[in-house]
Amino acid sequence: MSFMDLSKYPAEPFKIKSVEPVKMISKSEREAAAKEAGYNTFNLKSEDVYIDLLTDSGTNAMSDKQWAGMMMGDEAYAGSKNWIFLEETCKEIFGFKHIVPTHQGRGAENLLSTIAIKPGQYVAGNMYFTTTRYHQEKNGGIFVDIIRDEAHDASTDVPFKGDICLEKLQKLIDEKGAENIAYVCLAVTVNLAGGQPVSMKNMREVYEICQKHGVKVFFDATRCVENAYFIKEQEEGYQDKTIKEIVHEMFSYSDGATMSGKKDGIVNIGGFLALNDDELFGHAKEFVVVYEGMPSYGGMTGRDMEAFAIGLRESLQFEYIEHRVKQVRYLGDRLREAGVPIVEPTGGHAVFLDARKFCPHLDQEQFPAQSLAAFLYIDSGVRSMERGIVSAGRDNKTGENHKPKLETVRLTIPRRVYTYRHMDVVADSVIGLFNNKEEIRPLKFVYEPPQLRFFTAKFDFAD
Ligand SMILES: *Cc1c(COP(=O)(O)O)cnc(C)c1O
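For the structure given in this document, a descriptive report is provided here. (Residues numbered from 1 in each chain as written. Predicted model: local features only at pLDDT ≥ 70, side-chain atom pairs only at ≥ 80, totals over all residues. Heavy atoms only, no water.)

## A few points about the site of the ligand
Around the ligand, a shell composed of 14 residues is seen, among which Gly 105, Arg 106, Asp 220, Ser 260 and Lys 263 lie nearest. In this structure, an oxygen atom belonging to the ligand sits 2.7 Å away from a side-chain N or O atom of Arg 106. In the environment of the ligand, an oxygen atom lies 3.1 Å from a nitrogen or oxygen atom belonging to the side chain of Arg 223. Compared with its free state, where it exposes 380 Å², the ligand has 97% of that area covered by protein. Of the residues forming the shell around the ligand, the biggest block, three residues, is contributed by helix α4 (residues 105-116). (Near = heavy atom within 4 Å. Polar contact = N/O pair within 3.5 Å; in protein donor to acceptor, adjacent residues only side chain to side chain. Areas by Shrake-Rupley, 256 points an atom, 1.4 Å probe, with all protein chains shown as cover. Helix = DSSP H or I, 4+ residues; strand = E, 2+ residues; numbered from the N terminus.)

## Focus: the sheet that holds strand β7 (residues 256-260)
In space, the seven strands of this open sheet follow the order β2-β8-β7-β6-β5-β3-β4, with mixed pairing throughout. Every interior strand has two partners, whereas the edge strands, β2 (98-102) and β4 (142-145), have only one. On average, each strand axis in the sheet is inclined to that of its neighbour by 20 degrees, with strand direction left out of account. As judged from the five bridges shared by β7 and strand β8 (residues 271-275), these two strands associate in the antiparallel manner. Among the inter-strand pairings, Gly 256 is bridged to a residue of β8, identified as Leu 275. Strands in contact with helix α6 (residues 166-176) are β3 (122-125), β4 and β5 (181-187); relative to β5, the strand with the most contacts, it is inclined by about 170 degrees. (Pairing = 2+ DSSP bridges. Axes fitted to C-alpha atoms, helices over the stretch in contact; angles between N-to-C directions. Contact = heavy atoms within 4.5 Å.)

## With respect to the pairing of β3
By the alternation rule, side chains of β3 split into Tyr 122 and Ala 124 and Val 123 and Gly 125, which are all buried. Note that the unit made of β3, helix α5 (residues 130-138) and β4 has a crossover that is right-handed. Bridge analysis of β3 against β5 gives four bridges, and the strand direction is parallel. Opposite Ala 124, over in β5, you have Val 184 as the bridge partner. (Buried < 20%, exposed > 50% of the residue type's maximum accessible area, 1.4 Å probe, protein only. Right-handed = clockwise from strand over helix to strand, strands pointing away.)

## Overview of helix α14 (residues 368-380)
Every α-helical turn comprises 3.6 residues, leaving residues that sit three or four positions apart pointing alike. End to end, α14 covers 18 Å across 13 residues, agreeing with the expected 18 Å (1.5 Å per residue, within 8%). For α14, a buried count of twelve out of 13 residues is recorded, marking the element as mostly surrounded by other parts of the structure. When we look at burial in α14, the residues that qualify are Pro 368, Ala 369, Gln 370, Ser 371, Leu 372, Ala 373, Ala 374, Phe 375, Leu 376, Tyr 377, Ile 378 and Ser 380. Directly after α14, the chain includes Gly 381, whose backbone phi takes a positive value near 75 degrees. (Expected span 1.5 Å × (residues − 1).)

## Considering the sheet that holds strand β9 (residues 350-354)
Strand order in the open sheet formed by three strands is β9-β12-β11, and the pairing between neighbours is antiparallel. The open sheet terminates on both sides in strands that have one partner only, identified here as β9 and β11 (385-387). Across the sheet, the mean angle from the axis of one strand to that of its neighbour is 35 degrees, orientation sign disregarded. Of the pairings in the sheet, the one linking β11 to strand β12 (residues 408-412) comprises three bridges and is antiparallel in character.

Here's what the structure looks like:
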C-alpha cells in the first residue's frame, strides 16, 4: 500500500531533459492571425500558437535514446545498417514477411492502392481516413464504409466502437462478389471516429470471413499501439498479455499493413508498407523506387530509420502507452464533467468536441466545427482541427458536400510533449467557450481547393 494512486491519471513516465519555450501572443494579435489564416487553423504560423493540438502526427518528442540513434545514421544509398535494424524491428513486432519503407503513411497508402486495387473494385473500411481514401479513389477504388453504426453516433459510449460490422461485410461480399472487392482496410484505431479501438475478436472474425471468400485484409497500423492498450485494458483474456504480444496477435489477422511512423512510431517522419504476399511485394518494390526511393530507405534518411526503429520498440513499453492514453482521457474527463459534448468514449489520441451539440445555433453548412476551432484559437492560443464537413470534402460525381454525421473539433495530444497542466489550460478555454457558445459565428468559403480542401481552404464570417 502506498499513499499515492497513479493508476487513474499516471504522472509523466519521463523526466524533461531538453525544453522548447512557448509563448502566448495577445488576444488582438490572435484575432489578426486567425483572420489572416482564413479561419483555418492549418494556415496559422506555429509561432503564433500557444498549445498546439492540431495533430499528433510527427509532433512527438523523441527520447534520449532516439536522439542518440540520430547520431548513428548510416547514410549509405543502399544496404544501410539502420534499414536492416528497422526491417528486423518491424518483422519482429508485426510478424510480416516483407517490409517496404516509405517517407510517411500516405507513401505506403499510395503503394498499396496502386498495386492492390483494380479500377471499379470496392474497398471496404471501418470509416475512412482522408489520405487513405484519396489514394483508394485515385486508383479507381470505390470506398464503402462498413464500420458498426454506433461509430457514427458521437454520444453512444460503447467499447470498441471502431469494430467492423460483420453483417455489413458479409452483405457487401454477397452483393458485389468477392472478386470485386480489392481488400478490406481495417484501421486500428479509427482516427475519424474519435480514436476508437477495434477489438481482437472483431479482427479475428473479419479475417475469418475474408479468408473464407479470398478477400485480403490490410490494416492501417498507424495507431496500433494505442489500440493494443485498449485491448489490454478492456477485452477479456488480455489483461495478462504484454502490449507486444497483443500487437503481434493483432497483425496475425491481416495480410499486410500500412503505417505512419509519425504517430505510434514516436518519430517526426517515416512509414512503411508490410506485406506477406511475394508477388505484391515484387510490385511494391517496383513502385517504391519511383515514388519514394530505394527499397532500403524509401524516402527516409539513415538516422530517421534508426530513430523510428527505437521509437517503435519504446512504444510497446506499458508505462509509456498507459500514460499516453490516460492523459488524453484526463482531458476528456474534465470536459465531460463540465457538460461539454464530446465523442464518447474518449479515444486513444484525441478528444473530439461534438460541434453539432456545441453549436446548436449553426447549420452544418455554416461549418460549426471549423468556426469552433477558430474561436478556440482566438480565446487561448490553442490550435485544434476541424474534422467534419470541411474534411469530408465533396462527392466526386455530384459535387455536393459530403455531410458526415460526425461534425467534430479534434484536440489531438502529441506524444510526450505536454503535461497535465497544459490539459487544464485547454479544458478551461473549451469550457469557457461552451458557456458562451452563441459567440461562435457561421463561416463561408472564400477559397476552396479541389482536393483535401481542409488543408489550405480559407473562410470568412458569413453573418
Ligand atoms: C496520419 C494517418 C495516416 C497518414 O499518415 P501520414 O504519415 O500523415 O502520411 C493514415 N492513417 C491514419 C489513421 C492516420 O492517422
